[in-house]
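Survey of secondary and tertiary structure
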Amino acid sequence: MMGPFPSGPLKWLQEQPSSRLLRSFPASSSLLYTQHKRTPSPSPSKMLWVDKYRPKSLDKVLVHEDVAQNLKKLVTEQDCPHLLFYGPPGSGKKTLIMALLRQMFGAGAEKVKVENKNWKVDAGSRTIDLELTTLSSTHHVELNPSDAGFQDRYIVQEIIKEMAKNRPIDTKGKKGFKVLVLNEVDKLSREAQHSLRRTMEKYSASCRLILCCDSSSKVTEAVRSRCLNVRVSAPKEDQIVKVLEFIGKKEGLQLPPGFAARIAEKSGRSLRRAILSFETCRVQQYPFTNNQVISPMDWEEYVTEIAADIMKEQSPKRLFQVRGKLYELLVNCIPPEVILKRLLHELLKKLDSELKHEVCHWAAYYEHRMRLGQKAIFHIEAFVAKFMSIYKGFLIATFG
Amino acid sequence: MAPLLQSSQPWVEKYRPRRVKDVAHQDEVIRVLTNTLETTNCPHMLFYGPPGTGKTTTALAIAHQLYGPELYKSRVLELNASDDRGINVVRTKIKNFAAVAVGSGHQGGYPCPPYKIIILDEADSMTEDAQNALRRTMETYSKVTRFFFICNYISRIIEPLASRCAKFRFKPLSEEIMSTRVLHICHEEGLNLDSEALSTLSSISQGDLRRAITFLQGAARLFGSSISSKDLISVSGVVPQEVVQALVAACKSGSFDSANKQVNNVIAEGYPVSQMLCQLFDLVVESDDVSDEQKARICKKLAESDKCLVDGADEYLQLLDSCSCMIKAFSNMPEGFSNEI
């Protein structure tokens with residue numbers, strides 16, 4: 001069977017939601033102990049546009065100008081509360097955070113190095129070894145605590161303690177605190193979030209936390225109420241068009257009218273995705289033509305294929321074939337809930353409205369089960385089987 | 001460690017009342033406690049009530065007024081939920097502290113009664129074992145130690161403990177009291193708050209003064225000295241009412257696709273779905289053109305979705321499921337599905 005990813009590394013980067021930390025990097029950097037600046041890599045032409053045109057300062061932000069201005073006001077007041085950024089993927093949370101750090105500390109915040117850090121934690125009767133990749137400059141440390149799995153609590157406690165000890169010296173009105181950027185706080189365990197709230201208060205004099213997550217529902221109220229919440233909404237389509245036109249101008253490209261709008265429409269309001277598919281189009285064919293196909297992502301096409309398979313035939317044999325394809329997707333690191341959502345989206349397109357309610361109910365039901373359970377394939381497959389049974393029942397009832 | 005910058009101190013701490021008689025709106029408790037200050041006689045206390053009504057403030061204030069800054073450290077033990085309060089701590093730390101006898105005598109104008117105070121904040125999160133271990137300790141050392149329990153839900157305090165204490169319920173703050181407090185802070189901080197923003201603030205904080213002050217400070221930091229009600233809403237994370245109404249209207253129209261579109265919009269705008277469910281609940285329960293049966297069906301579904309969200313389920317799917325249930329309830333379609341297994 002052909003794998004779903006034939007077309008090179010660029011596509012791979014599109015919306016691969018794991019490993020948030022490394023995503024903000026140019027793809028070429030080696031991981032361990034490399035000292036390099038985040039942005040001016042040797043030849044900017046080799047960088048992805050997403051990184052190349054990432055706004056560096058709060059003034060240059062194109063999409064969330066109002067949020068950026070507010071953040072700027074916040075840091076000019078010599079003091080900064082803990083912050084919690086939340087919003088859907090590709091809306092610009094990370095960009096805002098990086099710009100904010102630069103605003104606070106100047107260019108020093110951009111000299112980052114990647115480190116694989118080890119901690120030995122004494123937990124009563126045994127010691128726990130933890131390893132985690134961090135991204136740090138002299139002023140801030142960025143990490144992804146949920147990578148530590150169920151031991152994330154120790155990471156949260158240890159690193160903040162460590163940072164509080166290595167407090168930068170307060171010279172000439174420079175700020176006497178470090179900033180800790182925590183990604184994906186919504187994936188932290190409940191215990192970790194609870195110990196976070198205590199640590200936030202205890203060490204608030206020497207470090208500030210910037211938390212970043214997709215959905216603030218999964219962050220406990222106690223943590224949320226200690227932070228200033230900043231909602232970053234997905235950019236509107238016309239805003240995406242504006243950004244694409246800006247990039248086109250900088251790259252010296254001729255954009256046929258309506259071309260940017262079509263990309264924006266396909267992007268599902270994710271700016272990152274829009275820019276990546278814009279670049280893909282550039283690679284595929286230039287000059288752009290008006291009827292150029294904006295290819296969807298490979299895995300999406302693949303899910304569409306699966307949905308078509310399911311609609312065509314509802315039988316155990318077909319279920320078995322679909323399982324193979326689902327495995328293919330999972331093996332390629334597409335998160336199961338993303339697959340399920342996309343599958344639902346594709347199926348809903350083809351259904352009568354009376355069936356839609358039922359199908360979306362079961363999608364929600366199995367996604368919840370998937371969260372409680374261990375192995376995702378069971379639940380996706382259960383959903384497919386359920387759908388087949390509903391659909392077949394419907395066909396028999398209607399056509400006999 | 002260098003002292004905190006003055007401006008980074010949360011206003012909640014800065015404007016915490018220091019004396020018992022400054023605590024707003026809790027007359028009954030205050031009468032008893034002012035009496036205590038005069039006679040230096042004090043029972044075990046149990047304060048309960050919703051968050052942000054002044055329970056911790058009252059307990060801290062009475063302790064400070066009894067002992068003054070010098071003796072406070074040696075006479076008062078404060079433990080809250082983020083400290084370890086397992087049964088071991090009760091058996092060792094609390095017991096050791098409770099056992100020490102202290103003398104009385106006026107010092108520097110403070111009454112300094114001959115007993116110590118142990119404040120157990122958020123006592124409802126203590127395990128039942130730990131609470132049981134306290135029973136005998138409370139009685140044995142009642143001559144030299146008084147316990148102050150503070151909790152949100154009195155039902156989670158075991159009966160033997162509750163019966164040993166004088167219970168005081170803290171009422172949610174009324175709108176006028178809240179407004180006067182907020183206006184006082186605005187005056188001190190030089191903020192401009194119009195009357196519309198003031199009423200928004202009291203409605204989104206729902207009687208919780210701490211939340212109101214936190215929102216106010218957040219808004220002041222972001223938007224400067226003149227704050228509108230829109231600013232407050234954006235800081236508080238409350239979903240604007242128009243968005244909720246649009247979603248309900250889409251559900252009432254009976255079209256699955258338009259509801260789906262609204263749900264997509266809510267997710268893209270990044271509104272927290274748990275908050276959305278709360279506001280949907282409020283809107284549905286208060287609306288007049290929905291029958292009781294429909295309300296019941298919708299509320300049941302909202303509760304289920306909320307539980308799923310707590311378990312970490314996907315926001316989009318849960319909201320879509322709730323909306324689909326609302327569509328069916330509004331158009332009186334039968335509950336459940338044809339081929340349920």
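This is a predicted model, so every value here is computed, not measured. (Residues numbered from 1 in each chain as written. Chains lettered and ligands numbered in written order. Predicted model: local features only at pLDDT ≥ 70, side-chain atom pairs only at ≥ 80, totals over all residues. Heavy atoms only, no water.)

**What about the overall build of chain A?**
The following threshold applies: For helices the rule is a DSSP run of H or I covering at least 4 residues; for strands it is a run of E covering at least 2, with both sets numbered from the N terminus onward. Burial here depends on accessible area, computed with a 1.4 Å probe over protein chains only, as a share of the maximum for the residue type. Under 20% is buried, over 50% is exposed, and the range in between is partly exposed. Contacts are assigned to residue pairs with any non-hydrogen atoms lying within 4.5 Å of each other.
Each helix and strand counted, chain A has 16 helices and eight strands in total. Residue burial in chain A is summarised as follows: out of 400 residues, 55% are buried. Counting contacts in chain A only where the partners sit at least 6 residues apart, residues at least 24 apart contribute 73% of the total.

**Observations regarding the nonpolar core**
Worth spelling out the cut-off: In these notes, a set of buried Ala, Val, Leu, Ile, Met, Phe, Trp, Tyr and Cys residues joined through side-chain atoms within 4.5 Å is what counts as a nonpolar core.
One finds Leu-343, Leu-344 and Phe-383 of chain A together with Leu-280 and Leu-319 of chain B to be the most contacted residues of the largest nonpolar core, which totals 68 residues. Counting residues per element, this core draws most heavily on helix H16 (residues 376-399) of chain A, at 10 residues. The residues contacting Leu-280 of chain B, other than those within four sequence positions of it, are Val-244, Leu-247, Val-248, Leu-302, Leu-319 and Met-326 of chain B. Formed by 53 residues, the second largest nonpolar core is a distinct cluster that contains Val-179 and Cys-212 of chain A together with Trp-11 and Leu-198 of chain B.

**Here we look at the interface of chain B and chain A**
Spelled out, the test is: A 1.4 Å probe defines the accessible area here, and the buried area is the portion of it lost by two parts on being joined, summed over both. Polar contact criterion, stated in full: a pair of N or O atoms within 3.5 Å, where within protein one must be able to donate a hydrogen and the other to accept it, and residues adjacent in sequence count only if both atoms are side-chain atoms. Only Asp, Glu, Lys and Arg are considered charged, only Ala, Val, Leu, Ile, Met, Phe, Trp, Tyr, Cys and Pro nonpolar, and every remaining residue, Gly among them, polar.
Contacts between the two partners involve 51 residues from chain B and, on the opposite side, 47 residues from chain A. With both chains or domains summed, chain B and chain A bury close to 4,300 Å², and 55% of this area falls on carbon and sulfur atoms. For the pair chain B and chain A, the interface holds 15 residue pairs in polar contact (both at pLDDT 80 or more). Among the secondary structure elements, those contributing two or more residues to the side of chain B that touches chain A are helix H9 (209-223), helix H12 (256-269), helix H13 (273-286), helix H14 (292-310) and helix H15 (315-330) of chain B. Here the element with the most residues in the side of chain B that touches chain A is H15 of chain B; it accounts for nine residues. The class makeup of the residues in the side of chain B that touches chain A is 24 nonpolar, 15 polar and 12 charged.

**A closer look at the packing of helix H4 (residues 65-76) of chain A against helix H5 (residues 93-105) of chain A**
Residues and elements named next belong to chain A. Heads up, the condition is: In this description, a line fitted to the C-alpha atoms serves as the axis of each element, helices being fitted only across the stretch in contact, and the angle between N-to-C directions of two axes falls anywhere from 0 to 180 degrees. Note on terminology: angles under 35 degrees are roughly parallel, angles over 145 are roughly antiparallel, angles of 65 to 115 are roughly perpendicular, and the others are oblique. Left-handed describes a crossing in which the near helix is turned anticlockwise from the far one by less than a right angle; the clockwise case is right-handed.
At a closest axis distance of 10 Å, the pairing of H4 and H5 adopts a crossing angle of 30 degrees. Put simply, H4 runs roughly parallel to H5. Between H4 and H5 lies a crossing whose hand is right-handed. Contacts from Val-67, Ala-68, Leu-71, Lys-72 and Val-75 of H4 reach H5 at Leu-96, Leu-100, Gln-103 and Met-104. Considered class by class, the residues forming the contact of H4 with H5 number seven nonpolar, one polar and one charged.

**Some points on the packing of aromatic side chains**
All names here are of chain B. We count it as follows: Here is the rule: rings of Phe, Tyr and Trp (six-membered ring for Trp) pair when centre to centre is within 6.5 Å. Planes less than 30 degrees apart are stacked, more than 60 are edge-to-face, and the remainder are tilted. Charges are assigned to positions over rings by a cutoff of 6 Å between ring centre and Lys NZ or Arg CZ, combined with an angular limit of 35 degrees from the ring normal.
Tallied over the entire structure, the rule returns 11 aromatic pairs over all chains. Of the aromatic side chains, those joined through ring pairs into one cluster are Phe-47, Phe-148, Phe-168 and Phe-170. One cation-aromatic arrangement involves Lys-116 over Phe-97; the distance from NZ or CZ to the ring centre is 5.8 Å. The ring of Tyr-115 has Arg-146 sitting right over it, with the charged end atom 4.3 Å from the ring centre.

**Describing the sheet that holds strand E5 (residues 166-169) of chain B**
Residues and elements named next belong to chain B. Note the cut-off: Here a strand pair is declared whenever DSSP counts at least two bridges between the two strands.
Reading across the sheet, the five strands line up as E2-E3-E4-E1-E5 and stay open at both edges, with parallel pairing between neighbours. The sheet is open, and its two borders are formed by strand E2 (76-79) and E5, each paired with just one other strand. Between one strand axis and the next, the sheet turns by 15 degrees as a mean value, whatever way the strands run. By the bridge criterion, four bridges tie strand E1 (residues 45-48) to strand E4 (residues 145-151) in an arrangement that is parallel. Across the sheet, the residue bridging to Leu-46 is Phe-149, located in E4.

**Focus on the confidence of the model for chain A**
Residues and elements named next belong to chain A. Cut-off, in case you're wondering: Each residue carries a pLDDT score, the predictor's own confidence in it, on a scale running from 0 to 100.
Overall, the predicted model of chain A reaches an average pLDDT of 79, with 84% of residues at or above 70. Considering each helix and strand of chain A separately, the mean pLDDT is smallest for strand E1 (residues 35-37), with a value of 38, and largest for helix H13 (residues 316-331), with 92. Overall, residues 1-42 carries pLDDT values under 50, and its contacts beyond four positions in sequence, including any with other chains, amount to 90 contacts.

**With respect to the pattern of salt bridges**
Two side chains carrying opposite charge are able to pair once their charged atoms lie near each other. To be explicit about the condition: Salt bridges are defined by distance alone: a side-chain nitrogen of Lys or Arg within 4 Å of a carboxyl oxygen of Asp or Glu.
Here the structure, examined in full by the defined rule, presents 28 salt bridges over all chains. A salt bridge links Arg-164 of chain B to Glu-139 of chain B, with the shortest nitrogen-to-oxygen separation between them at 2.9 Å. Taken together, the positions of Arg-164 of chain B in the loop between helix H6 (159-162) and E5 and Glu-139 of chain B in helix H5 (residues 128-140) put the pair 25 residues apart, joining distant regions of the chain. A residue is classified by how much of its surface remains accessible, and Arg-164 of chain B, at 25% relative accessible area, is partly exposed. The exposure class of Glu-139 of chain B is partly exposed, given its relative accessible area of 37%. Lys-307 of chain B serves as the salt-bridge partner of Asp-311 of chain B, at 3.0 Å between the closest nitrogen and oxygen. Under the relative-accessibility criterion, Asp-311 of chain B is labelled partly exposed at 23%. Through salt bridges that share partners, Arg-273, Glu-300, Arg-342, Glu-346 and Lys-349 of chain A make up one connected network.

**Re the environment of Thr-138 of chain A**
All names here are of chain A. By secondary structure assignment, the location of Thr-138 is in the loop between strand E4 (126-136) and strand E5 (140-143). In this structure Thr-138 comes out as exposed when scored by relative accessible area, which is 59%. The residues touching Thr-138, leaving out its near neighbours within four places in the chain, are Gly-108 and Lys-178.

**Thoughts on the confidence of the model for chain B**
Reading fine detail from the predicted coordinates is not recommended where pLDDT is low. All names here are of chain B. On average, residues of chain B score 83 in pLDDT, and 93% of them are at 70 or above. When pLDDT is averaged over each helix and strand of chain B, the minimum, 80, is found for helix H1 (residues 11-14) and the maximum, 92, for H15. The low-confidence segment residues 1-6 (pLDDT under 50) makes six contacts with residues lying over four places distant or belonging to another chain. Here the complex is predicted with pTM 0.78, and the ipTM for its interfaces comes to 0.80.

**Focus: the packing of H14 of chain B against H15 of chain B**
All names here are of chain B. Interhelical geometry of H14 versus H15 gives an angle of 170 degrees and a closest axis separation of 9 Å. When the axes of H14 and H15 are compared, the pair comes out roughly antiparallel. Residue-level inspection shows Gln-294, Arg-297, Ile-298, Lys-301, Leu-302, Ser-305, Cys-308 and Leu-309 of H14 in contact with H15, the latter providing Glu-315, Gln-318, Asp-321, Ser-322, Cys-325, Met-326, Lys-328, Ala-329 and Phe-330.

**Considerations on the side chain of Ser-215 of chain A**
Topologically, Ser-215 of chain A is positioned in the loop between strand E7 (207-213) and helix H8 (221-224). If near-sequence neighbours (up to four positions away) are discounted, Ser-215 of chain A is found in contact with Asp-186 of chain A together with Glu-315 of chain B.

**Some details on the environment of Val-235 of chain B**
Following the sequence through the fold, Val-235 of chain B ends up in helix H10 (residues 229-236). With a relative accessible area of 6%, Val-235 of chain B lands in the buried category. Setting aside anything within four residues of it in sequence, one finds Val-235 of chain B in contact with Leu-228 and Asn-229 of chain A together with Phe-215, Gly-218, Ala-219, Leu-222 and Phe-223 of chain B.

**Regarding H13 of chain B**
Residues and elements named next belong to chain B. Put simply, the rule is: To estimate the expected span of a helix, subtract one from its residue number and multiply by 1.5 Å.
For H13, with 14 residues, the first-to-last C-alpha span of 20 Å sits near the 20 Å given by 1.5 Å per residue. Among all positions in H13, only Val-273, Ser-274, Met-276, Leu-277, Gln-279, Leu-280, Leu-283 and Val-284 are buried. Looking at the buried positions of H13, the neighbouring elements they touch are helix H11 (241-252), H12, H14 and H15.

**A closer look at the environment of Arg-297 of chain B**
All names here are of chain B. As for its placement among the helices and strands, Arg-297 is situated in helix H14. The sequence separation of Arg-297 and Arg-181 amounts to 116 residues, and the corresponding C-alpha distance is 40 Å. In this structure Arg-297 touches Cys-325, Lys-328, Ala-329, Met-333, Pro-334 and Glu-335, once residues within four positions along its chain are discounted.

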